[in-house]
Amino acid sequence: MASRGCPHGCHYCSVTTFWGKSFRYRPIPEIIEELKTLDRMVFFADDNLYGNKVYAKKLFKEMIPLKKKWSCQGDSLIANDPELLRLAAQSGCQWIFIGIESISEKNLAAMGKSFNKAKDYKVNFRKIQDAGINIFGSFIFGLDGDDATVFKNTVDFAVDARLDAANFYILTPLPGTVLFDEMKTAGRLLHTEWDKYDANHVVFKHPRLSSEEMLDGLIYAYKRFYSIPSISKRMLRPGNRRHLQTFALNFGRMLRAKRFEMICRN
Ligand code: SF4
């Protein structure tokens, strides 16, 4: 970890509630020394590694001579900063896990994440992939603006955008978040069995979708995204420099589909 916290405050997210609003980071020389002791492949566990772009640019510059291959979690805004994107790629960035969450601007605004611009997604993702970085996208189902079309439309988008991998989750009001307080006040929480608050189960009432519809939709999205036609499409993405990793990741998910369904339905 190079930093702790996130400068954003998405309503459903526990990061800012848990770590506090101030985004703070370790001294860069300390991180470089630690990186020297690690294997060539590194995963940064930060919630948003480039939440402070000035800091991230300095860090990435210092990392270039280390010749690491690294992955991280971050927001979609890296696409708007060519220098940051270039330095990330030059320093060895391989994969970024990006919270795309929704393809609806209305949903994004309602969750306090309007810095994600749905209309620019495809162009921005192409910029990131053209820089040589693979994208692991993440989506949430069950936002208040969703209806029964969200599952198919989201997978259509994820396949068309040629995301290299994706996760799908059910919206989960985690205690301490704005979302939890809103749902509790509105009497929308179905129960407080915390082991089911894992983003694979439905724990709240949705205005239009039943719990079964949301669960069926989640499983449909997983199976369709990790189906042979869908995987083949992204395997053939021009410029993908990590065919083996993409293949292993996607086929592993495909083989795990039955287990995923069992976890969700239990
Ligand atoms: S950008 Fe990500 S880590 Fe930051 S508050 Fe939003 S969901 Fe949480």
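Residues numbered from 1 in each chain as written. Predicted model: local features only at pLDDT ≥ 70, side-chain atom pairs only at ≥ 80, totals over all residues. Heavy atoms only, no water.

## What to know about helix H8 (residues 178-185)
Stage number 1. Residues of H8 that are buried: Leu 179, Phe 180 and Met 183. Buried positions in H8, seen along its axis, are confined to an arc of 100 degrees and lie on one side of it.
Stage number 2. Backbone geometry just after H8 places Gly 187 at a positive phi near 70 degrees. (Buried < 20%, exposed > 50% of the residue type's maximum accessible area, 1.4 Å probe, protein only. Helix = DSSP H or I, 4+ residues; strand = E, 2+ residues; numbered from the N terminus. Arc of directions from axis to C-beta.)

## Some details on the packing of helix H3 (residues 53-63) against helix H4 (residues 82-90)
Stage number 1. Where H3 contacts H4, the two axes come as close as 9 Å, and the packing angle between them is 30 degrees. Between H3 and H4, the angle is such that the two are roughly parallel. You can see that H3 and H4 cross each other, and the crossing is left-handed. Here Lys 53, Ala 56, Lys 57, Phe 60 and Lys 61 of H3 come into contact with H4, specifically with Glu 83, Leu 84, Leu 87 and Ala 88. (Axes fitted to C-alpha atoms, helices over the stretch in contact; angles between N-to-C directions. Parallel < 35°, antiparallel > 145°, perpendicular 65-115°, else oblique. Left-handed = near helix turned anticlockwise from the far one by under 90°. Contact = heavy atoms within 4.5 Å.)

## Concerning the sheet that holds strand E3 (residues 41-43)
Sheets are built from strands paired through backbone hydrogen bonds, the pairs being either parallel or antiparallel.
Stage number 1. Ordered in space as E3-E4-E5-E6-E7, the five strands form an open sheet in which the pairing is parallel. Two strands close off the open sheet at either side, each with one partner strand: E3 and strand E7 (165-170). Averaged over all adjacent pairs, the angle separating strand axes in this sheet is 15 degrees, with direction ignored.
Stage number 2. Examined bridge by bridge, E3 and strand E4 (residues 69-74) share three bridges and lie parallel to one another. Of the residues in E4, the one forming a bridge with Val 42 is Trp 70. (Pairing = 2+ DSSP bridges.)

## Describing the environment of Asn 107
Stage number 1. Position of Asn 107 relative to the elements: it lies in helix H5 (residues 105-110).
Stage number 2. In sequence terms Asn 107 and Val 15 are 92 residues apart; their C-alpha atoms lie 20 Å from each other.
Stage number 3. Contacts of Asn 107, omitting those with residues within four sequence positions, involve Ser 102, Leu 143, Asp 144, Gly 145 and Asp 146.
Stage number 4. A polar contact is formed between the side chain of Asn 107 and the backbone nitrogen of Gly 145, at a distance of 3.0 Å. (Polar contact = N/O pair within 3.5 Å; in protein donor to acceptor, adjacent residues only side chain to side chain.)

## Notes on the layout of surface pockets
Stage number 1. The volume enclosed by the largest pocket comes to roughly 710 Å³.
Stage number 2. Residue lining of the largest pocket: 30 residues in total, with Tyr 12, Cys 13, Val 15, Phe 97 and Glu 101 positioned closest to the centre.
Stage number 3. Where the lining of the largest pocket is concerned, the elements lending two or more residues are helix H1 (15-19), E4, strand E5 (93-101), strand E6 (134-141) and E7.
Stage number 4. In terms of residue count, E5 provides more of the lining of the largest pocket than any other element does, four residues in total.
Stage number 5. In terms of residue class, the lining of the largest pocket is made up of 14 nonpolar, twelve polar and four charged.
Stage number 6. By volume, the second largest pocket is sized at about 260 Å³.
Stage number 7. Taken together, 15 residues make up the lining of the second largest pocket; nearest its centre are Ala 110, Leu 143, Asp 144, Leu 179 and Glu 182.
Stage number 8. Counting residues per element, the ones that place at least two in the lining of the second largest pocket are H5 and H8. (1 Å grid on protein atoms, 1.4 Å probe; cavity = no way out; pocket = protein on both sides within 12 Å on 5 of 7 lines; lining within 4 Å. Points joined across faces, edges and corners; volume = space filled by probe spheres on them. Nonpolar A, V, L, I, M, F, W, Y, C, P; charged D, E, K, R; others polar.)

## Quick look at the pattern of salt bridges
Stage number 1. For the structure on display, the rule yields 15 salt bridges.
Stage number 2. Between Arg 265 and Glu 261 there is a salt bridge, with its nearest N and O atoms 3.0 Å apart. Of this pair, Arg 265 and Glu 261 both sit in helix H12 (residues 257-265), separated by four residues, roughly a single helical turn.
Stage number 3. A residue is classified by how much of its surface remains accessible, and Arg 265, at 42% relative accessible area, is partly exposed. (Salt bridge = Lys/Arg side-chain N within 4 Å of Asp/Glu carboxyl O.)

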